[in-house]
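# Structural features, examined
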Amino acid sequence: MFFEKQVDLRSRDAMVSFLAEHYRYNTMNSWNGATSYAHCIKIGRLGLKAAQVDRAYEMLETDFWDEIQLPIDTFTMEFAGRYTIGTNGRSGGYLVLYNSVHELTGHQSHCRSCGQRNFKRVHETDLSTPRGIIEANVFRNGGCWVDAVYLDEPTIKEVDLADDKKLSFIRAAKIACKDETIGNKCGRCHAEGENGRVNYTVMPSRLSVYPGKSIDQREDFVEWSMGELRNRVKLVQAFDRACDEIRSAFIDLVDHCEVVDEVVMVPQHRKVINCTISA
Ligand SMILES: [Zn+2]
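A few points on the structure. (Residues numbered from 1 in each chain as written. Predicted model: local features only at pLDDT ≥ 70, side-chain atom pairs only at ≥ 80, totals over all residues. Heavy atoms only, no water.)

With that out of the way, let us pick up the packing of helix α2 (residues 50-59) against helix α9 (residues 226-256). At their nearest, the axes of α2 and α9 sit 9 Å apart, and the two run at 105 degrees to each other. One element, α2, and the other, α9, form an angle in the roughly perpendicular class. The residues of α9 that touch α2, namely those facing Q52, R55, A56 and M59, are F250, I251, L253, V254 and D255. (Axes fitted to C-alpha atoms, helices over the stretch in contact; angles between N-to-C directions. Helix = DSSP H or I, 4+ residues; strand = E, 2+ residues; numbered from the N terminus. Parallel < 35°, antiparallel > 145°, perpendicular 65-115°, else oblique. Contact = heavy atoms within 4.5 Å.)

The following block contains the structure:
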């Protein structure tokens, strides 16, 4: 345990001093003035052995975060997306506790071939049924005609159903066609059928972070109940623990991996003169 501290959860004083004395840092920048629980993770402050320091500085030149960010994902999941951990400060020298929230992206379906997401659902219908025939007609022009015009439409006229039944299907289809499509063709790769779009069963969401929101800044905790204090201490301890895991993962990287130079060939388009065309 480098960052994590034991706290007596039965003692109000112990909990308040743990929270009030915890290291803090800006959530955005110094002019914004908002701060939250934080830890400094500059190389000089990680408690590294002399032999590790040079290798650690070399590591900073790589995309090392990809390798060590699992504790952040686990922490965010543990708190259902209401809190997350981000880096802040010049060259990301601080880990900061942030407020966040899972927000639905609004996508309703995705393509099974290219993965493209779509804001419309695939309307499930059987086009060979009377209802399917009516729906296909309404969807075709976005439901913009008045009901009576649809009733007079030749293919709908032919359908063997009472007019009031047809009208109820027409009205339902007019609403559905705003958010759904008949057929599941992908707008990007044009795949359809088995390979085309399919509705999400779990709606996709993304994590929105509130970088301007402070946490417990200028809070004296006087009005907090023991239960509220305990919950907050547990949150901050979980943050400390995650920071410890990130630190350990970084040290592991320094101890077991080396930074090597790699030359990458980048394909480049250019115009050249070709004189082999016969006049
Ligand atoms: Zn596609």
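What follows concerns the layout of surface pockets. Here the largest pocket defines a volume of roughly 280 Å³. Along its surface, the largest pocket is lined by 17 residues, and I41, L60, F64, S91 and G92 are the ones closest to its centre. Elements that contribute at least two residues to the lining of the largest pocket include exactly α3 (65-68) and α9. Ranked by residues supplied to the lining of the largest pocket, first place goes to α9 with three residues. Computed from the structure, the second largest pocket encloses a volume of approximately 220 Å³. Along the walls of the second largest pocket sit F2, F3, K5, S17, F18, E21, H22, Y23, H39, C40, R45 and D240, which together make up its complete lining. Per element, the largest residue contribution to the lining of the second largest pocket is three residues, and it comes from helix α1 (residues 12-21). For the lining of the second largest pocket, a count of residues per class yields five nonpolar, three polar and four charged. (1 Å grid on protein atoms, 1.4 Å probe; cavity = no way out; pocket = protein on both sides within 12 Å on 5 of 7 lines; lining within 4 Å. Points joined across faces, edges and corners; volume = space filled by probe spheres on them. Nonpolar A, V, L, I, M, F, W, Y, C, P; charged D, E, K, R; others polar.)

Counting 37 residues, the largest nonpolar core has L19, Y37, F75, L97 and F250 as the members making the most contacts within it. Considering every element that reaches this core, the biggest residue donor is α9, with 13 residues. The contacts of L97, once residues within four sequence positions are left out, are S36, Y37, F75, Y83, T84, I215, L235 and F239. Counting twelve residues, the second largest nonpolar core, distinct from the first, contains Y150, L151, F169 and A173. (Core = buried A, V, L, I, M, F, W, Y, C linked by side-chain atoms within 4.5 Å. Buried < 20%, exposed > 50% of the residue type's maximum accessible area, 1.4 Å probe, protein only.)

Looking now at the coordination of the zinc ion. Coordination of the zinc ion by the protein comes from C111 (SG), C114 (SG), C186 (SG) and C189 (SG), over a distance range of 2.3 Å. Geometry at the zinc ion is tetrahedral, judged from the four donor atoms that bind it and their angles of 106 to 113 degrees at the metal. If you list the donors of the zinc ion from N- to C-terminus, the spacing comes out as C-x2-C-x71-C-x2-C. With relative accessibility at 33%, the residue C189 sits in the partly exposed group. (Donors = N, O, S within 2.8 Å, 3.2 Å for Na, K, Ca; no water. Tetrahedral: all angles 85-135°; square planar, octahedral: opposite > 155°, others 65-115°.)

Now for the pairing of strand β3 (residues 83-88). A large share of β3 lies buried, amounting to five of its six residues. Here β3 pairs with strand β4 (residues 94-104) via six bridges, running antiparallel. Residue pairing in the sheet places T87 in a bridge with L95 of β4. Once β3 ends, the chain turns through five residues before running back antiparallel as β4, passing G89 with a positive phi of about 90 degrees. (Pairing = 2+ DSSP bridges.)

Moving on: unusual backbone geometry. Here the phi dihedral of A80 falls at roughly 50 degrees; this positive angle occurs in a residue that is not glycine. As for its position among the elements, A80 is in the loop between α4 (70-78) and β3. On the basis of relative accessibility, which here comes to 51%, the residue A80 falls in the exposed class. In this model, D216 sits at a positive phi of 60 degrees, which is unusual for a non-glycine residue.

What follows is about the sheet that holds strand β6 (residues 117-118). Spatially, β6-β5-β9 is the arrangement adopted by the three strands of the open sheet, whose pairing is antiparallel. The open sheet has two free edges, formed respectively by β6 and β9 (197-199), since each of these has just one partner strand. Relative to β9, strand β5 (residues 109-111) runs antiparallel, the two sharing three bridges. Bridged to C111 within β9 is R197.

Residue position: H102 is located in strand β4. In sequence terms H102 and S208 are 106 residues apart; their C-alpha atoms lie 6.2 Å from each other. Residues in contact with H102, not counting those within four places in the same chain, are A80, G81, S205, R206 and L207.

Time to look at the pairing of β4. Taken together, the three bridges between strand β2 (residues 35-40) and β4 define a ladder with antiparallel strand orientation. The residue bridging H39 from the neighbouring strand is L95, located in β4.

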